[in-house]
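Residue strings, one per chain:
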Amino acid sequence: MDKPREFPNWEQLYQEQQVESMPWFHSQLDPNLDRALTQLNIHNGTCLDIGTGPGTQAMALAQRGFQVTASDLSETAIAKASQKAKEKGLAISWQQDDILNSQLKQEFDFVFDRGCFHVFPPECRHDYVRVVAGLIKPEGYLFLKTFSVKETRPEGPYRFAPQAIEEIFQSCFHLYSSEETVYQGTLNPLPKALFCVLKKL
Ligand SMILES: C[S@@+](CC[C@H](N)C(=O)[O-])C[C@H]1O[C@@H](n2cnc3c(N)ncnc32)[C@H](O)[C@@H]1O
């Protein structure tokens, strides 16, 4: 059984803190996503970045030519990221949206989740799977980065092994690949992470 984990009030956090100082802040495209897109020969199309936070991943994807929608629960996170993207001349659809009760209507070629799923307690995970599956085209991909069970810091988000991801997502996704990696950001040492590629059934 997962031990219950605590999270900040996301809206308050984004109001009070500079995004650059947040543990998950990484200005470049996540290297695991970068490799996966190359390996799968995905170079264009529509995508959704769930729990975009600072918006760096959405902006990096837009810079590569993807048509990007980026969502977050926090209105302030969305406002700050949208302002930065505007300064960079990037066209991204920014949406304040709770992914567990999403109002998004589009189906995307792929979805990226870097650190949003791993903040949800076990009782929310099946809702997440159902909602996210509804946002992806048939045979589209979900790229999912979470903390790994190999991470030993006491604090922080929920942690996962590939088998748990397979079990949680099996109603709507096939676990195509999984890889032990790190979560790039501002923590030292970098947290141990799991990167999964899930294909919608
Ligand atoms: C660990 S941060 C990761 C941010 C970003 N993906 C990145 O890698 O820089 C988790 C993000 O999930 C967002 N979040 C939390 N609950 C959410 C929900 N129910 N729906 C959408 N976003 C949520 C938070 O506001 C926060 O920005």
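Undergrad: In this structure, what is going on with the overall build of the protein? I would like to understand it.
TA: Regarding its fold elements, the protein presents six helices and eight strands. When its helices and strands are written in sequence order, the protein yields α-α-β-α-β-α-β-β-α-β-β-α-β-β. A compact globule built from 201 residues should have a C-alpha radius of gyration of about 17 Å, and the protein, at 16 Å, falls within 12% of that. Judged by the C-alpha coordinates and their principal axes, the protein covers about 45 × 35 × 30 Å. Looking at the protein residue by residue over its 201 residues, the buried ones come to 37%.

Undergrad: Whenever I open this one, the pairing of strand 8 (residues 192-200) confuses me. Can you help?
TA: Regular strands place their side chains on alternate faces of the sheet. Across the nine residues that make up strand 8, a large majority, seven, are buried. Alignment of strand 5 (residues 136-148) against strand 8, held across seven bridges, turns out to be antiparallel. Among the inter-strand pairings, phenylalanine 143 is bridged to a residue of strand 8, identified as valine 197. The sheet contact formed by strand 7 (residues 173-182) and strand 8 spans nine bridges and is antiparallel. Across the sheet, the residue bridging to glutamate 180 is leucine 194, located in strand 8.

Undergrad: Explain the site of the ligand here, please?
TA: As a structural note, the neighbourhood of the ligand is formed by 19 residues, with Trp10, Gly51, Gly53, Leu73 and Gly115 the closest of them. Residue composition of the shell around the ligand, grouped by class: nine nonpolar, seven polar and three charged.

Undergrad: Got a minute to help me understand unusual backbone geometry in this structure?
TA: For residues other than glycine, phi is negative in most cases, and the peptide bonds are mostly trans. Of note, the amide linkage connecting asparagine 188 to proline 189 takes the cis form, showing an omega dihedral of 0°. Within the fold, proline 189 resides in the loop between strand 7 and strand 8. For asparagine 41, which is not glycine, the phi dihedral falls at a positive 60°. Tracing the sequence through the fold places asparagine 41 in the loop between helix 2 (31-39) and strand 1 (46-50). Taking the number of C-beta atoms within 10 Å as the measure of exposure, asparagine 41 has 6 and is therefore exposed. Even without glycine at this site, glutamate 139 takes up a positive phi of about 65°. Residue placement: glutamate 139 occurs in strand 5. The class for glutamate 139 is exposed, based on 10 C-beta atoms found within 10 Å.

Undergrad: Which parts of the structure should I look at to understand helix 2?
TA: Since the α-helix advances by 3.6 residues per turn, residues separated by three or four positions end up pointing in the same direction. When we look at burial in helix 2, the residues that qualify are Asn32, Leu33, Ala36 and Leu37. Projected down its long axis, helix 2 shows its buried positions confined to an angular sector of 130°, all on one face. Summarising the geometry of helix 2, the exposed residues directed more than 90 degrees from the buried face are Thr38 and Gln39. A positive backbone phi angle near 60° is found at asparagine 41, which sits one or two residues after helix 2.

Undergrad: Mind showing me how you'd approach helix 4 (residues 75-88) here?
TA: In this model, helix 4 (14 residues) spans 20 Å end to end at C-alpha, consistent with the 20 Å of a helix rising 1.5 Å per residue. Turning to helix 4, its buried residues number three or more, namely Ala77, Ile78, Lys80, Ala81 and Ala85. An end-on view of helix 4 places all buried positions within 165° of arc, on one side of the element. Exposed positions of helix 4 whose direction lies more than 90 degrees from the buried face are Gln83, Lys86 and Glu87. Two residues or fewer after helix 4 comes glycine 89, characterised by a positive phi angle close to 70°.

Undergrad: Got a minute to help me understand the pairing of strand 1 in this structure?
TA: Among the five residues of strand 1, four are classified as buried, and the element is accordingly described as predominantly covered. One ladder, built from five bridges, connects strand 1 with strand 2 (residues 67-72); its direction is parallel. The residue bridging leucine 48 from the neighbouring strand is threonine 69, located in strand 2. Where the polypeptide runs from strand 1 across helix 3 (residues 56-63) and back to strand 2, its parallel neighbour, the crossover connection is right-handed.

Cut-offs and rules
- Residues numbered from 1 in each chain as written.
- Predicted model: local features only at pLDDT ≥ 70, side-chain atom pairs only at ≥ 80, totals over all residues.
- Helix = DSSP H or I, 4+ residues; strand = E, 2+ residues; numbered from the N terminus.
- Rg over C-alpha atoms; globule rule 2.2 N^0.38 Å.
- Buried ≥ 20, exposed ≤ 12 C-beta atoms within 10 Å, placed from the backbone.
- Pairing = 2+ DSSP bridges.
- Near = placed C-beta within 6 Å.
- Nonpolar A, V, L, I, M, F, W, Y, C, P; charged D, E, K, R; others polar.
- Arc of directions from axis to C-beta.
- Expected span 1.5 Å × (residues − 1).
- Right-handed = clockwise from strand over helix to strand, strands pointing away.

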